[in-house]
Amino acid sequence: MSKYIYGKNSVMDALNNHFPIKKLFIQNNLSFKQKLNFKNISYITLQEMNKLVKGNHQGFIAEIEEYKYFDIGTIIKDKASQVLVLDHIQDPQNFGAILRSANAFNFNYVIIPKDRACDVTPTVLKTSSGGFNGLKIIKVSSLLEAINFLKENGFWIYSSALNNNAKKLDDLNNFVLPICLIVGNEEKGISSTLLKNSDEVIYIEQFGTVQSLNVSVASAILMHKIKTTINKK
């Protein structure tokens, strides 16, 4: 089955960052004059565009190859200092929004589990609004093994959860590098096993009546705090 990303910004970001695209479709009556450095382009009607995808494509659709996940050894090989672990994120909109924030705050290595979690899909790529570019997404069979691997290679593991041992995010003025941040499933949060194997548990203080933040919003706040604190050193 063909996979597509769509929308002008998403498609142009993919082209500019050499994302593996099989074919590009552009609506034939658009007043688009930019010269594209891509050979396999088809100019088709709006009706034909609408048959390919159901969302707001803005006259730009790219058929993409299957996403190629990276090996966890890439983290050590590249001497990465900031890694994000997603503990069974299932909503593609959340996943895409998290990738956009990860890009913004230089968490360029993202680990996801093989089972019971959202894969990199066209919806994820579309939602990330180009945020997938420059990220290396790593799929593993066991998050616990991945965490232990990172710890063995000097990473300090922070998990986001509200429990008796959690520290308030605003009270932290120092983060240990290299750093791994774990955020949890939309409903269940981070598994107890991963929490037990974390070096520190942190939480975002809230002041309203809601019980919790959306995981993509919480992820952005956590990564921003970590990045800005590190940059002040």
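Above this text you will find the structure in question.
Residues numbered from 1 in each chain as written. Predicted model: local features only at pLDDT ≥ 70, side-chain atom pairs only at ≥ 80, totals over all residues. Heavy atoms only, no water.

A. Main features of the packing of aromatic side chains. For the coordinates displayed, the defined rule picks out 3 aromatic pairs. Measuring from centroid to centroid gives 6.4 Å for Y4 and F25, while their planes differ by 65°, and the two rings are edge-to-face. Of this pair, Y4 sits in strand β1 (residues 3-6) while F25 sits in strand β2 (residues 21-27), and the two are 21 residues apart along the sequence. Between Y67 and Y69 the ring centres are 5.0 Å apart and the planes differ by 70°, which places this aromatic pair in the edge-to-face class. Classification of Y69 as partly exposed rests on a relative accessible area of 27%. (Phe/Tyr/Trp six-rings, centres within 6.5 Å; stacked < 30°, edge-to-face > 60°. Helix = DSSP H or I, 4+ residues; strand = E, 2+ residues; numbered from the N terminus. Buried < 20%, exposed > 50% of the residue type's maximum accessible area, 1.4 Å probe, protein only.)

B. A look at the sheet that holds strand β9 (residues 167-168). Pairing in this open sheet of 7 strands is parallel, and the strands run β7-β6-β5-β10-β8-β11-β9 from one edge to the other. Unpaired on one side and paired on the other, β7 (136-140) and β9 mark the two borders of the sheet. Packing against the sheet, helix α4 (residues 92-104) makes contact with β5 (82-86), β6 (109-113) and β7, and its axis sits at approximately 170° to β5. Docked against the sheet, helix α6 (residues 143-152) engages β5, β6, β7, β8 (156-160) and β10 (179-183), running at close to 150° with respect to β6. (Pairing = 2+ DSSP bridges. Contact = heavy atoms within 4.5 Å. Axes fitted to C-alpha atoms, helices over the stretch in contact; angles between N-to-C directions.)

C. Summary view of the pattern of salt bridges. Within the structure shown, the criterion is met by 6 salt bridges. Among the salt bridges present, the one from E65 reaches K68, with a minimum N-O distance of 3.4 Å. You can call E65 partly exposed: its relative accessible area is 29%. Using a relative accessible area of 56% as the deciding quantity, one classes K68 as exposed. (Salt bridge = Lys/Arg side-chain N within 4 Å of Asp/Glu carboxyl O.)

Just distances and angles here, no functional claims.
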